[in-house]
Amino acid sequence: MRSLTVEPGIPDSLRLEEFRIPSADRGSVLIRAVALGVCGTDREIIAADYGSAPPGHQRLIIGHESLGVVEEAPTGVSVSPGDIVVGIVRQPDPVPCANCAVGEWDMCRNGQYTEHGIKSLDGFGSEFYRLEPSFVVPVTASLGLAGVLTEPATVVAKAWEHCERIGRRARWNPQSVLVTGAGPVGLLAGLLGKERGLEVHFFDRAHEGPKPELARALGATYHDQSLDAVPGDFDIIMECTGSPPVIGGVLERSAPDGIVCLLGVSGPGGVQSVDLGSLNREVVLDNRVIFGSVNANRRHYEAAITALANANRDWLHRLITRRVSLAEWKQAFVSQTDDIKTIVVFDDAALKKLA
Ligand SMILES: [Zn+2]
């Protein structure tokens, strides 16, 4: 089988390698890859900014946004051969901590969790991979290729769940959400906002192309000037850029009792001048909440699949702006203008059957 591997710590070490199909000790469910989504985390791993190989290995099979078909599964488990599935990215830590012990590995407290394609576990950028049944999630078959959006959708499904849990500390009747950054995560965050009946606003620096088009097709309002020019205060803000000036800007834009959810990962640096005295005063006097959210547990995979299944199929397919065959894999990892979600197609025949 062919797999995309990198040597973590060595920039631009990505290559396609040939391996034997993994043996059953790696998991009783064997999955044949259909497609793989590419995201910023993959590019960071390729740039050697992030990622680690499995213990005792030099190279890591990358990829964590999966879509595959079950090839082999033991009888009596929740998936059967032929099912369309995605793999859960994070594995609980071995201790385990209090959260990992109850399936809330997205909230791991000791940092010893592992992640397929990212941290100490081979990923899904491979023609075949194995998982234990509890880490395989069936995808609504009618989603077709849009099932590859499941993993990024899990990130926002968790963010929305946590916003709602925080919101219910008092009477909770939100009207509006501002999403900063109209990439795949931002657009999916906006989709879930629309599905909740909220007024959705996007802020992004792109003036044309698929971002404003997809935002408007969702029935949202798209702002591309300055954050200051976006009118109103928002009950919920989902910050998906990780850009310090935008983060600084959104902290001041939540309504009384408002919630700011930070989803973008930023690097160190990016020093901003913030008047902490005045920010603290506003946060305290208005009962505001600012919190961070990352990753997802099984419940969020199920919520994400439900959210995608309820969405307009055409809109979801428009998020996938570039399909690259495995033979042309290098192109998938070079960003292009107007990319929203790029995917690598591992099995064109299986993909045609899906779509
Ligand atoms: Zn843990």
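Residues numbered from 1 in each chain as written. Predicted model: local features only at pLDDT ≥ 70, side-chain atom pairs only at ≥ 80, totals over all residues. Heavy atoms only, no water.

1. Side note on the sheet that holds strand β8 (residues 114-116)
Working definition: the strands of a sheet are paired by backbone hydrogen bonds and lie parallel or antiparallel to each other.
Here is step 1 of the chain: Across the sheet, which stays open at both edges, the 3 strands sit in the order β7-β8-β9 with mixed pairing between neighbours. Every other strand in the sheet has two partners, leaving β7 (90-91) and β9 (120-121) as the edge strands with one partner each. (Pairing = 2+ DSSP bridges. Helix = DSSP H or I, 4+ residues; strand = E, 2+ residues; numbered from the N terminus.)

2. Section: the nonpolar core
Here is step 1 of the chain: By size, the foremost hydrophobic cluster in this structure holds 99 residues, and its most contacted members are Ile62, Trp160, Leu191, Phe202, Met238, Leu316 and Phe333.
Here is step 2 of the chain: Looking at this core element by element, the count peaks at 8 residues for helix α2 (residues 150-167).
Here is step 3 of the chain: With sequence-adjacent residues up to four places away left out, Leu191 is seen in contact with Leu218, Leu308, Ala311, Trp315 and Leu316.
Here is step 4 of the chain: Among the nonpolar cores identified, the runner-up in size contains 12 residues, and Leu227, Ile237, Val246 and Val283 belong to it. (Core = buried A, V, L, I, M, F, W, Y, C linked by side-chain atoms within 4.5 Å. Buried < 20%, exposed > 50% of the residue type's maximum accessible area, 1.4 Å probe, protein only. Contact = heavy atoms within 4.5 Å.)

3. Description of the pattern of salt bridges
Here is step 1 of the chain: In this structure the tally under the stated criterion is 21 salt bridges.
Here is step 2 of the chain: For the salt bridge of Lys341 with Glu65, the shortest nitrogen-to-oxygen distance reads 2.8 Å. Here Lys341, found in strand β19 (residues 341-345), pairs with Glu65, found in strand β5 (residues 65-72); they are 276 residues apart in sequence, far enough to count as distant.
Here is step 3 of the chain: Under the relative-accessibility criterion, Glu65 is labelled buried at 2%.
Here is step 4 of the chain: The residue Glu115 makes a salt bridge to Arg90 at a minimum N-O spacing of 2.9 Å. Placement of the pair is Glu115 in strand β8 and Arg90 in strand β7, with a sequence separation of 25 residues. Taken as a pair, Glu115 and Arg90 share a single burial class, namely buried.
Here is step 5 of the chain: Each member of the salt-bridge network shares a partner with another, and the members are Glu104, Glu161, Arg165 and Arg299. (Salt bridge = Lys/Arg side-chain N within 4 Å of Asp/Glu carboxyl O.)

4. Some points on the coordination of the zinc ion
Here is step 1 of the chain: Taken together, Asp93 (OD), Cys97 (SG), Cys100 (SG) and Cys108 (SG) make up the full set of protein donors to the zinc ion, lying 1.9 to 2.3 Å away.
Here is step 2 of the chain: Here the zinc ion is ringed by 4 donor atoms whose angles at the metal span 99 to 122°, and the overall shape comes out tetrahedral.
Here is step 3 of the chain: All donor residues of the zinc ion come from one chain, and their arrangement in sequence is D-x3-C-x2-C-x7-C. Accessibility classification places Cys100 together with Cys108 in one group, the buried group. (Donors = N, O, S within 2.8 Å, 3.2 Å for Na, K, Ca; no water. Tetrahedral: all angles 85-135°; square planar, octahedral: opposite > 155°, others 65-115°.)

5. Focus: the environment of His223
Here is step 1 of the chain: Mapping His223 onto the fold places it in strand β14 (residues 221-223).
Here is step 2 of the chain: Assessed through its relative accessible area of 14%, His223 is described here as buried.
Here is step 3 of the chain: Taking the C-alpha atoms as reference points, His223 and Thr306, separated by 83 residues in sequence, lie 28 Å from one another.
Here is step 4 of the chain: When near neighbours in sequence (up to four residues on either side) are disregarded, His223 contacts His201, Phe202, Phe203, Asp204, Val230 and Pro231.

6. A word on the sheet that holds strand β2 (residues 15-18)
Here is step 1 of the chain: What the 3 strands build is an open sheet, ordered β2-β1-β4; its pairing is antiparallel. The sheet is open, and its two borders are formed by β2 and β4 (60-61), each paired with just one other strand.
Here is step 2 of the chain: Two elements, strand β1 (residues 2-6) and β2, share 4 bridges in a ladder whose sense is antiparallel. Paired with Leu4 across the two strands is Leu16, which belongs to β2.

7. Some words on the packing of aromatic side chains
Here is step 1 of the chain: Within the structure shown, the criterion is met by 2 aromatic pairs.
Here is step 2 of the chain: Judged by centre distance (5.1 Å) and plane angle (40°), the rings of Trp105 and Phe135 are tilted. Linking Trp105 in the loop between β7 and β8 with Phe135 in the loop between β10 (128-131) and β11 (136-138), this pair joins segments that are 30 residues apart in sequence. Of the two residues, Trp105 and Phe135, neither departs from the other in class, the shared state being buried.
Here is step 3 of the chain: Here the aromatic rings of Phe124 and Tyr129 are separated by 4.8 Å at their centres, their planes lie at 45°, and the arrangement is tilted. Each member of the pair, Phe124 as well as Tyr129, is classed as buried.
Here is step 4 of the chain: Seen from the ring of Tyr113, Arg90 lies directly overhead, with NZ or CZ sitting 3.5 Å from the centre. (Phe/Tyr/Trp six-rings, centres within 6.5 Å; stacked < 30°, edge-to-face > 60°. Lys NZ or Arg CZ within 6 Å of the ring centre and 35° of its normal.)

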